[in-house]
Amino acid sequence: MSRIGFDARLPAYHQGGIATWIREVLNALQSQDTTHQLTVLESRKARFSLAGRFDRSTLYTPCHHVLEKYALSIELLPKGLDLLHSPDFIPPLRGARRHVITIHDLHFLHFPQYMTRDSRRYYSGQLGRAVRQADHILTVSRAAKRDIIELLQVPAERITALYHGVNGQFRPLSADALEEQRRKLELPKDFFLFVGTFEPRKNLITLIEAWSLLKEQLPDAPPVVLAGRKGWLFDETLRGIRDLQVADDIIWREDVGQESLPALYGLASALVLPSLYEGFGLPALEAMACGTLPIVSNVSSLPEVVGDVGIQIDPNDSQALAAAMLRSLGDSDWRTGQEAAGLKRAANFSWERHVKALLQVWDQVLNDA
């Protein structure tokens, strides 16, 4: 029996993104048969609600600390791990005999100007060591795998791409359930929806520009609801929206509870995700699972997620985005067909399938030891 450590500290410090991936993977792993002894490495600041089948160990080293690689190595040394999985992809100097890392995306290499100085230093400064040290690298899309090969010169055979799953809570809801959440969140009857972190990489300025163009053609166009949380360089994004003189027409909903997200998607006329870069783009998948039309960028991983469903646009073309938003409102027969196609496509994405492949990677790495 091999001893595997899974670094699950990040959700105590950050929400969404990688933290969501960690939670979903741990939940799905609980139903899988494995001969390994899995230890969930938790932060002292927060603990998971898990079934009793996993060992648990509390760590005191904080995420993204300047001394993290040293302090975490010392904490893990007495645990005698055969394999350590680092979901935030920066492992300690030595945490186990073998190391697996997950690189969710390389946005900080594509758009370093959209990161804070400290974050850029943390990731870029340790990236080379992390890649060299890893016995295998996981990522979440073919586009992200191509980035790792091309930007980091990692051989393809050292990388496995595993798509995200979609949580079962994301599904079409009854009219009564939708209306209850509409009242709770104080939402209008119709609206376009963005879900994600408010940061420049998400390209909210182009979204608002496109909506302004739509308003010129359709004065009663539904408003835009921006749902998520403030991210890096949020003030820059907010200034850009104010410069467009439409800030009073935008509806902000920060930190919407997980229990309200399916209704938020279900109430929207369309999800609009014009990101400049996504490692995966989970909101597009969640929207389809709720029967909502996705309008997304035609870059990075998003075409892989939506396939032939919805509309793909150049993220730098606000005119094309405005036209896509207009079509989503005016072509009801096409939209109904696309919503049905989205439900069918979303059913192909499974966290169970994801973790079964993950276990195979762990087995492979341990067998190669």
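Preceding block: the structure.
Everything numeric in this text was worked out from a predicted model, so none of it was measured.

A. Local environment of the pairing of strand S5 (residues 98–102). Counted residue by residue, S5 has five buried out of five residues, so it is predominantly covered. Here strand S4 (residues 83–86) runs beside S5; their pairing, made up of four bridges, is parallel. Of the residues in S5, the one forming a bridge with Ser 86 is Ile 101. By the bridge criterion, three bridges tie S5 to strand S6 (residues 136–139) in an arrangement that is parallel. By the bridge assignment, Ile 101 is partnered in S6 with Ile 137.

B. A look at helix H6 (residues 175–185). Here H6 has its buried residues at Leu 178, Gln 181, Arg 182 and Leu 185. Summarising the axial view, the buried residues of H6 lie within an arc of 110 degrees, below the 170-degree limit, and thus occupy one face. Facing away from the buried side of H6 by more than 90 degrees, the exposed set consists of Asp 176 and Arg 183. Buried residues along H6 sit in contact with strand S10 (251–254) and helix H9 (261–267). At the exit of H6 stands Glu 186, carrying a positive phi of roughly 55 degrees.

C. Examining the sheet that holds strand S13 (residues 311–313) more closely. Read across the open sheet, the six strands follow the order S10-S9-S8-S11-S12-S13; overall the sheet is parallel. The sheet terminates laterally at S10 and S13, the two strands that pair on one side only. Between one strand axis and the next, the sheet turns through 25 degrees on average, direction left out of account. As defined by bridge partners, strand S12 (residues 294–297) adjoins S13 across three bridges and the pair is classed as parallel. Each bridged residue has a counterpart across the sheet, and for Ile 295 the counterpart in S13 is Ile 311.

D. Representation of the packing of helix H7 (residues 204–217) against helix H8 (residues 234–243). It is at 9 Å that the axes of H7 and H8 come closest, and there the two elements cross at 15 degrees. The angle between H7 and H8 places the two elements in the roughly parallel class. The handedness of the crossing between H7 and H8 comes out as right-handed. Residues Leu 204, Ile 205 and Ile 208 of H7 touch H8, and the partners they reach there are Thr 237, Gly 240 and Ile 241.

E. Quick look at the packing of helix H1 (residues 18–29) against helix H14 (residues 351–367). Running from N to C, H1 and H14 cross one another at 85 degrees; their axes reach a closest spacing of 9 Å. The pairing of H1 with H14 is recorded here as roughly perpendicular in orientation. Contacts between H1 and H14 involve Trp 21, Glu 24, Val 25, Ala 28 and Leu 29 on the former and, on the latter, Trp 351, Glu 352, His 354, Val 355, Leu 358, Leu 359 and Trp 362. A per-class count over the contact of H1 with H14 returns nine nonpolar, one polar and two charged.

What counts and how
Residues numbered from 1 in each chain as written. Predicted model: local features only at pLDDT ≥ 70, side-chain atom pairs only at ≥ 80, totals over all residues. Heavy atoms only, no water. Buried < 20%, exposed > 50% of the residue type's maximum accessible area, 1.4 Å probe, protein only. Helix = DSSP H or I, 4+ residues; strand = E, 2+ residues; numbered from the N terminus. Pairing = 2+ DSSP bridges. Arc of directions from axis to C-beta. Contact = heavy atoms within 4.5 Å. Axes fitted to C-alpha atoms, helices over the stretch in contact; angles between N-to-C directions. Parallel < 35°, antiparallel > 145°, perpendicular 65-115°, else oblique. Left-handed = near helix turned anticlockwise from the far one by under 90°. Nonpolar A, V, L, I, M, F, W, Y, C, P; charged D, E, K, R; others polar.

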